[in-house]
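Fold and geometry: a report
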Amino acid sequence: ARISAMNFNMCGYAAPRLDKVRVGFVGIGDRGSDAVERMTYIEGVEIVALCDIRQAAVDGGQEILAKAGLPKAKEFVAGDLGFKQLCDSNQVDLIYIATPWEWHVPVAVAAMEGDKHAAVEVSTAKTMDECWQIVEVSERTRKHCVILENCCYDFFELLTLNMVRQGAFGDLIHGEGAYIHDLDYWLFNKPKDDKMTDGAYTKMWRMHENKRKANVYPTHGLGPICQAMNINRGDKMDYLTAMMSEDFTLKNKIEAKAKVDPFFQQFVGWDMRGNMDIQLIKTNKGRTIMIQHDVSSPRPYSRIHLLSGTKCYAQKYPLQQIAFGHEVADEAKMKELEEKYTPEIVRRMGEMAKKVGGHGGMDFMMDWRLIDCLRNGLPMDMDVYDAAAWSCITPLSEWSIANGSKPIEIPDFTRGAWKTNSAVELTLKGG
Ligand code: A2G
């Protein structure tokens, strides 16, 4: 592990309060435009800048603002590096990043170097160097680099998190998470024109990412488990081992598509990732975590979200249940648990979140909480160390898969601060 030149530690760090949060968006595609819309509903936010490589995407963002009766934002459309002008400008406090993965860290670093907080979509970083880079730059600039892991804010995940924190699980022993989502439609969604506003991945970038023999998308499953286990806040991930199946579908699908549409011939013969990859992680306190990732098998969606403790058990997929020993909670017991353990963020924001939407409301709760923390000078729920620790599963799993599933150490990005760092309460300060 590298040692930062500056030893300032961002664990538990609360940046000076911001009365208004001026937000600039970089990447206004399918995901980014939804984020722009969600932010129009949040008090204290000013959407001041929109940046993309495509004018049509920025135009779409302006339309969302107009519909919400908000003033036009400043536009930054100047090629791949257009975000630099935005990051150097004095007009924003927070850069919200929803670009293809390869641009996440370059934009986040430019944002922090430009004295702005960064909020970055998942997965945040692709390489070990990128993981350390966001940590080093965040510590040096004292700017936040938040990972936008929406699944940490889904209703069942928040309920079980609060149950863990209130002691209902006893000690946690084991957790499981996953991103199992047949992306057949998305991976093969061919851009219809070069305006790139049709929801397709620009230049088929996600197909390219799926060449990599690694868990390229670990955080939807891992994030909520890490939060429940207080990873970086009392516990840490020590090491992992990983395994990947062969590819039984992707190469065949590419060949079949190429036969009817020459566009897909460019992918024929590619050495694609296997269908399923699995990681086993051991934590410092002796807990185990299992993570799965499969985007190409024909099967139902699952993030598993399983927590197993000395007193209680919960799983979200395939069937949502909470159990105490052999007793699975029935409808009445579930209601009682919800009444007792629903965290304040859901009590206050849950209904509005469902109305605004975004994966059933969790996207809105995530954005709301981000702004709430910045406006009230609170430490972040998902800070730069979480961004690094959750993202580093990609390069580390890649190494283990390539090396016969040998174990590999997961670095302590907090450099020891995990021992004393404590979790942020999920209460809300704002109105
Ligand atoms: O499918 C879902 O919306 C995923 N999110 C998102 O991460 C992305 O992979 C998308 C496909 O474009 C969740 O599953 C929460």
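Predicted model, so just to flag it, every value in this text is computed and none were measured.

1. Things to note about the site of the ligand
Residues in close proximity to the ligand include Asn150, Cys151, His181, Trp186, His220 and His359, which together make up its full environment. Grouping the constituent residues of the shell around the ligand by class yields two nonpolar, four polar and no charged.

2. Quick word on the sheet that holds strand E7 (residues 172-180)
Pairing in this open sheet of nine strands is mixed, and the strands run E14-E13-E12-E11-E7-E10-E9-E8-E15 from one edge to the other. Where the open sheet ends on each side, the last strands, each with one partner, are strand E14 (327-328) and strand E15 (408-409). Both strand E12 (residues 313-315) and strand E13 (residues 321-324) contribute to a ladder of three bridges, which runs antiparallel. Bridge pairing links glutamine 315 to glutamine 321 in E13. Contacts from helix H15 (residues 393-402) reach strand E8 (237-244), strand E9 (276-283), strand E10 (288-294) and E15, with the element oriented near 55° to E8.

3. As for the pairing of strand E2 (residues 45-51)
Counting buried positions over the seven residues of E2 gives six, a clear majority of the element. Across six bridges, strand E1 (residues 21-26) lies against E2 in parallel orientation. Each bridged residue has a counterpart across the sheet, and for valine 21 the counterpart in E2 is valine 45. Handedness of the E1-helix H1 (residues 30-39)-E2 crossover: right-handed.

4. A closer look at the pairing of E9
Across seven bridges, E8 lies against E9 in antiparallel orientation. Counted as the bridge partner of tyrosine 239 is lysine 282 from E9. Taken together, the seven bridges between E9 and E10 define a ladder with antiparallel strand orientation. Among the inter-strand pairings, aspartate 277 is bridged to a residue of E10, identified as histidine 293. The antiparallel pairing of E9 with E10 creates a hairpin that spans four residues between the two strands, and glycine 286 there sits at a positive phi of about 95°.

5. Considerations on the nonpolar core
Ala108, Ile134 and Ala388 are the most contacted members of the largest nonpolar core, which totals 115 residues. With nine residues, helix H13 (residues 362-376) is the largest single contributor of residues to this core. Contact partners of alanine 388, with chain neighbours within four places excluded, come to Ala125, Cys131, Ile134, Val135 and Phe413.

6. Remarks on unusual backbone geometry
Backbone torsion omega between valine 122 and serine 123 reads -15°, so that peptide bond is classified as cis. Its location among the elements puts serine 123 in the loop between strand E5 (117-120) and helix H5 (128-141). The peptide bond linking tyrosine 317 to proline 318 adopts the cis configuration, its omega dihedral lying at 0°. Mapping proline 318 onto the fold places it in the loop between E12 and E13. You will see that serine 405, though not glycine, has its phi angle at about 65°, which is positive. With respect to the helices, strands and loops of the structure, serine 405 is situated in the loop between H15 and E15.

7. Describing helix H12 (residues 344-356)
With 13 residues, H12 extends 18 Å between its outermost C-alpha atoms, agreeing within 8% with the 18 Å of an ideal straight helix rising 1.5 Å per residue. Most pronounced at glycine 350, the bend in H12 amounts to some 55°. Three or more residues of H12 are buried, namely Ile345, Val346, Met349 and Ala353. Buried residues along H12 sit against helix H6 (155-165) and H13. Of the residues flanking the end of H12, it is glycine 357, one or two places downstream, whose phi is positive at about 90°.

8. Some words on H13
Between its first and last C-alpha, H13 extends 21 Å over 15 residues, near the 21 Å set by a 1.5 Å rise per residue. Across the 15 residues of H13, 14 count as buried, placing the element largely inside the fold. Within two residues after H13, glycine 377 carries a phi angle of roughly 60°, on the positive side.

9. Here we look at the confidence of the model for the protein
When the pLDDT values of the protein are averaged, the result is 95; 97% of them are 70 or greater. Model confidence for the complex: the whole-complex pTM is 0.96, and ipTM, which rates the interface, is 0.98.

10. Looking at the packing of helix H9 (residues 219-228) against helix H14 (residues 384-391)
Interaxial distance between H9 and H14 falls to 10 Å at its minimum, and their mutual angle equals 130°. The angle between H9 and H14 falls in the class oblique. Crossing hand, H9 versus H14: right-handed. For the pair formed by H9 and H14, the contact residues are Thr219, Leu222, Gly223 and Cys226 on the first element and Asp386, Trp390 and Ser391 on the second.

So, how was this worked out
Residues numbered from 1 in each chain as written. Predicted model: local features only at pLDDT ≥ 70, side-chain atom pairs only at ≥ 80, totals over all residues. Near = placed C-beta within 6 Å. Nonpolar A, V, L, I, M, F, W, Y, C, P; charged D, E, K, R; others polar. Pairing = 2+ DSSP bridges. Helix = DSSP H or I, 4+ residues; strand = E, 2+ residues; numbered from the N terminus. Contact = placed C-beta atoms within 7 Å. Axes fitted to C-alpha atoms, helices over the stretch in contact; angles between N-to-C directions. Buried ≥ 20, exposed ≤ 12 C-beta atoms within 10 Å, placed from the backbone. Right-handed = clockwise from strand over helix to strand, strands pointing away. Core = buried A, V, L, I, M, F, W, Y, C linked by C-beta atoms within 7 Å. Expected span 1.5 Å × (residues − 1). Bend = angle between axes of the 7 residues up to and from the residue. pLDDT = per-residue confidence, 0-100. Parallel < 35°, antiparallel > 145°, perpendicular 65-115°, else oblique. Left-handed = near helix turned anticlockwise from the far one by under 90°.

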